[in-house]
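Read off the chains here:
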Amino acid sequence: NAGVMQNPRHLVRRRGQEARLRCSPMKGHSHVYWYRQLPEEGLKFMVYLQKENIIDESGMPKERFSAEFPKEGPSILRIQQVVRGDSAAYFCASSATGFKETQYFGPGTRLLVL
Amino acid sequence: AQSVTQLGSHVSVSEGALVLLRCNYSSSVPPYLFWYVQYPNQGLQLLLKYTSAATLVKGINGFEAEFKKSETSFHLTKPSAHMSDAAEYFCAVSRMDSSYKLIFGSGTRLLVRP
C-alpha cells in the first residue's frame, strides 16, 4: 500500500525560476494539505485542497504561490519567480476525509534556491 | 489564536532511561493534540493523537501522552529509550472546528546515548 508520494525529493532552482512540486495522495484519499518547514522550525500550514477545490488557502503567501488538485493526477504546488527565502522543505499530507482524520505525510520536497 | 510551545530544542537521554518531551499549548477552544516523529530526510509519522476521549493516550512504539487541561500540557513519555527513538518530535494542535489545520511546535530533537 503506497503512502503519500512526492516528487522531486530535491529541487534546485535559481532565483527567478519556477518550482513545481507534486504530491500523489494515498490511494482512496481525496483531501490534500501542503505544509512548509523552514530550517530549524516546525511545519506551517499552507493550503488544504479537495479534488478540483481549494478549501482553505489561509497559509499561502499572497503572491507567487499557487496550488491545485485536479480531477486527474497529482496535486501541484507552484512557486513562481522563486527567491532565496523560499528555500525550505515542502510536505504534502493526505487524508480520506477532512474532519478528524489522521493526516499521512509524504517524505517532502527539499527546495534550494541559489 | 492557537500556538504550541515545545520546551527544549534538544533532549539527550541514555538508552533505557525515561523519555520526557514537553509540549504546552494555547487554545481558546477545545483542541485536538498530536505528536509526530520525523526521522532524517523522511516525512512525519503520527505517534498518537488526542481527540477529546481518554486523557491518557497510548501510541505506537511504546509512547504515550497525557492531556492535562489545567496545565495546558500534552507531554510525551516513554519508559525506556531505544537507540531507534533518536529523531525529531513535533507536537501539534488543531481546533475542533478546523481540525485539518495542524499548528506545529518547533520540534525537539531526541538524542539517545549508548
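Source: prediction; values computed, not measured. (Residues numbered from 1 in each chain as written. Chains lettered and ligands numbered in written order. Predicted model: local features only at pLDDT ≥ 70, side-chain atom pairs only at ≥ 80, totals over all residues. Heavy atoms only, no water.)

Draft legend 1. Looking closely at the environment of Lys101(B). Here Lys101(B) shows up in strand β11 (residues 98-104). Sequence separation of Lys101(B) and Ser84(B) is 17 residues, and the distance between their C-alpha atoms is 29 Å. One polar contact links Lys101(B) to Asp56(A), side chain to side chain, over a distance of 3.2 Å. In this structure the side chain of Lys101(B) is engaged in a polar contact, spanning 2.9 Å, whose partner is the side chain of Ser58(A). (Helix = DSSP H or I, 4+ residues; strand = E, 2+ residues; numbered from the N terminus. Polar contact = N/O pair within 3.5 Å; in protein donor to acceptor, adjacent residues only side chain to side chain.)

Draft legend 2. View of the interface of chain A and chain B. Listed per partner, the contact involves 23 residues of chain A and 18 residues of chain B. Taking both sides of the interface into account, the surface hidden between chain A and chain B amounts to around 1700 Å²; carbon and sulfur atoms contribute 52%. For the interface between chain A and chain B, the tally reads 1 salt bridge. Note that Lys101(B) and Asp56(A) form a salt bridge whose closest N and O atoms lie 3.2 Å from each other. Between the two partners, chain A and chain B, sit 8 residue pairs in polar contact (both at pLDDT 80 or more). Those elements that place two or more of their residues in the side of chain A that touches chain B are β4 (31-37) and β5 (43-50) of chain A. A class-by-class count of the residues in the side of chain A that touches chain B yields 9 nonpolar, 7 polar and 7 charged. (Contact = heavy atoms within 4.5 Å. Buried area = accessible area lost by both parts, 1.4 Å probe. Salt bridge = Lys/Arg side-chain N within 4 Å of Asp/Glu carboxyl O. Nonpolar A, V, L, I, M, F, W, Y, C, P; charged D, E, K, R; others polar.)

Draft legend 3. Spotlight on the pairing of strand β11 (residues 109-113) of chain A. Residue and element names in this part refer to chain A. With respect to burial, β11 is a largely interior element, 4 of its 5 residues being buried. Sheet topology places strand β2 (residues 10-13) next to β11; 4 bridges connect them, and they run parallel. Looking at the pairing, Arg-13 lines up with Val-113 of β11. Pairing of strand β9 (residues 88-95) with β11, which is carried by 3 bridges, proceeds in the antiparallel orientation. Bridged to Ala-89 within β11 is Arg-110. (Buried < 20%, exposed > 50% of the residue type's maximum accessible area, 1.4 Å probe, protein only. Pairing = 2+ DSSP bridges.)

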